[in-house]
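As a plain string of letters, each chain reads:
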Amino acid sequence: HCSLGVGPKATATAEPLLLNAVRGQDVERPPVWLMRQAGRYMKSYQIICEKYPSFRERSENVDLVVEISLQPWNVFKPDGVILFSDILTPLSGMNIPFDIVKGKGPVIFDPLGSAADVDKVREFNPEESVPYVGEALTILRREVDNKAAVLGFVGAPFTLASYVVEGGSSKNFTKIKRLAFSQPKVLHSLLQKFATSMANYIRYQADNGAQAVQIFDSWATELSPVDFEEFSLPYLKQIVDSVKQTHPGLPLILYASGSGGLLERLALTGVDVVSLDWTVDMAEGRKRLGHDIAVQGNVDPGVLFGSKEFITNRINDTVRKAGKGKHVLNLGHGIKVGTPEENVAHFFEVAKAIRY
Ligand code: CP3
C-alpha cells in the first residue's frame, strides 16, 4: 500500500494503541496495562490510605478516584488507565449495604438468601447512585487525552451474586451453591437484576468517557461447565448483546480467574477480548480461541517477585506465544500486595520497548 509517511501506524496514533490492537489493526507492539495497577503495592497509594482509611471514601470521592487512578499512569504510563473503583461499588445503590474492610475484604451486611431478599434488590441507576463515577471518568478521559485508553469495569452477575449471597469473599462457595442447586429460580432472579443493571452501568461508563470496559467474572470458574452454562453464560451474553446494540464499537473484555476449563465458553459470550489467567499457556489459549477474538494476559502476578531478567524473559515468552496483534499484555490476575514497584516499572519498560 502506498504511504507518504502516513502509513497505518502513523494514522493509528489518533486512537489509543489498546483500541487499535483489540480491533485487529496493524500495531507495532502489544498495548500493556496491569489489573489492580492502582493499589496497595504503591507507596503513593499507601499515603492516601493513611489519610483516608475508608475504602468507600477513596473510591467514592471524585478527587480521590481521579488521583488514585492516575497514580500508575503518572509513574508507568500504561496503555490502559483503569478507573479506581470496585466491582461492589454499585451494591449500595441496589439496596445492598456493604463495606470493604482492611484485612478482611468485602463485607455484605445482610447477605441475601431468600426470594424476599432478592425482591428488595433495586435495579441500579448509575446517574443517581454513582455520579462520581461518571465525573471521574470524564476527568480521566481529559487528563489521559487518548495517550492511553480509559478503562471502565463491572462485576459479572454470578461473581456479584456470590459476594452478596456468601456475605463476602468465600473459599467454598457453599451458600451460593446451596441457592443455585436448591432454589435456582431465586438465584436466576438475582442474576437477572445484576445483568440488566450492569449492562446499564457499562453504557453509563462508556457515555462518560470509558473507551473499553472489562467484565470481571472472577469466580465463574467455581462453576462446573454445565452450571456455568446455566448461571453465568446466559447473563454475560445478555449484557454483551444489550451493550452491543447501543454501543457497537465499545470493546468488551471478559476476565475469569482459573479460566482454562471454560475458555471456549467464555468466547461464546460475544466479548471482543478474553483475558486469560496464567494457568493457560498463551499459545494454547490463542489456538483454542481462534484469531477472531483478541486475548489479554497472562503473566503470573508472582513473576513480578522474580529477578528483572526473569520478568523480561516471561514477557517476551508471552508476547511471542500470543503472536502479532490482537493481544493486550497484562497479568493473569491482579498485582499482589508487596510487589516491588521497581519490578512493575521494569515490566512496563520492557513491554513498551517490544516491537513485533
Ligand atoms: O485494577 C485496578 O487498579 C482498578 C481497581 C479495582 C479494585 N477492585 C480496587 C480495589 C478493580 C478492577 C477491582 C475489581 C474487583 N474487586 C474484583 C475483580 C478482580 C479480581 O481481583 O478478580 C473483585 C473480586 C473485587 C472484590 C474485592 N475488592 C476484593 C476481593 C478486595 C480485596 C480485599 C482485600 O483487602 O484483600 C477488594 C478491595 C480492593 N478493591 C482493593 C483495591 C485496590 C484492596 C483494598 C484497598 O486498597 O484498600
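Residues numbered from 1 in each chain as written. Predicted model: local features only at pLDDT ≥ 70, side-chain atom pairs only at ≥ 80, totals over all residues.

Q: Mind showing me how you'd approach the sheet that holds strand S6 (residues 252-255) here?
A: Whether parallel or antiparallel, the strands of a sheet pair through hydrogen bonds between backbone atoms. The sheet built from 7 strands is open, its strands ordered S1-S4-S5-S6-S7-S8-S9 with parallel pairing. With one partner strand each, in any of the chains shown, strand S1 (80-82) and strand S9 (327-331) form the two edges of the open sheet. This sheet shows a mean twist of 25° between the axes of neighbouring strands, independent of strand direction. Here S1 pairs with strand S4 (residues 149-155) via 3 bridges, running parallel. Counterpart to Ile82 in the pairing with S4 is Leu151. Contacts from helix H11 (residues 184-207) reach S4 and strand S5 (212-216), with the element oriented near 165° to S4. (Pairing = 2+ DSSP bridges. Helix = DSSP H or I, 4+ residues; strand = E, 2+ residues; numbered from the N terminus. Axes fitted to C-alpha atoms, helices over the stretch in contact; angles between N-to-C directions. Contact = placed C-beta atoms within 7 Å.)

Q: Before we go on, may I ask you to explain the pairing of S5 in this structure?
A: The two faces of the sheet receive side chains in turn, since in a regular strand these alternate between them. Burial within S5 is extensive, with 5 of its 5 residues counted as buried. Burial along S5 is two-sided: the residues Ala212, Gln214 and Phe216 and Val213 and Ile215 are all buried. Bridge count for S4 against S5 is 5 bridges, and the pairing is parallel. Paired with Leu151 across the bridge in S5 is Ala212. In terms of strand pairing, S5 meets S6 through 4 bridges, oriented parallel. Bridge pairing in S6 places Ile215 opposite Leu254. (Buried ≥ 20, exposed ≤ 12 C-beta atoms within 10 Å, placed from the backbone.)

Q: Explain helix H15 (residues 282-289) to me, please; I cannot follow it from the model alone.
A: An α-helical turn contains 3.6 residues, so any two residues separated by three or four positions project in the same direction. Every buried residue of H15 is accounted for by Met282, Gly285, Arg286 and Leu289. Angular distribution of buried residues about the axis of H15 spans 100°; they occupy a single face of the element. Of the surrounding elements, those touching the buried residues of H15 are helix H14 (263-267), strand S7 (273-275), strand S8 (294-299) and helix H16 (308-322). (Arc of directions from axis to C-beta.)

Q: What should I look at first to understand the nonpolar core in this one?
A: Among the nonpolar cores identified, the biggest contains 114 residues, and Leu83, Ala161, Val213, Ile215, Ile239 and Leu254 are the most heavily contacted of them. Residue contributions to this core peak at 12 residues, all from H11. Setting aside anything within four residues of it in sequence, one finds Val213 in contact with Gly152, Phe153, Val154, Ile202, Gln205, Ala206, Leu250 and Leu252. (Core = buried A, V, L, I, M, F, W, Y, C linked by C-beta atoms within 7 Å.)

Q: Is there a simple way to explain the confidence of the model for the protein chain in this structure?
A: Any residue range with low pLDDT should be treated as having predicted coordinates unsuitable for detailed reading. Overall, the prediction assigns the protein chain a mean pLDDT of 95, with 96% of residues at 70 or greater. Low pLDDT, under 50, characterises residues 1-12; the stretch is placed with 8 contacts to residues that sit more than four places away or in other chains. (pLDDT = per-residue confidence, 0-100.)

Q: Could you clarify how one ought to interpret unusual backbone geometry in this entry?
A: Trans is the prevailing form of peptide bonds, just as negative phi is the prevailing case for residues other than glycine. Note the cis peptide between Gly297 and Asn298, where omega equals -10°. By the element assignment, Asn298 lies in strand S8. A positive phi angle, close to 50°, is found at Lys77, a residue other than glycine. Note on placement: Lys77 falls in the loop between helix H5 (62-76) and S1. The class for Lys77 is partly exposed, based on 15 C-beta atoms found within 10 Å. Of note in the backbone geometry, Asn146 takes a positive phi value of approximately 65° without being a glycine. Within the secondary structure layout, Asn146 lies in the loop between helix H8 (131-144) and S4. Asn146 sits in the partly exposed class, given 14 other C-beta atoms within 10 Å.

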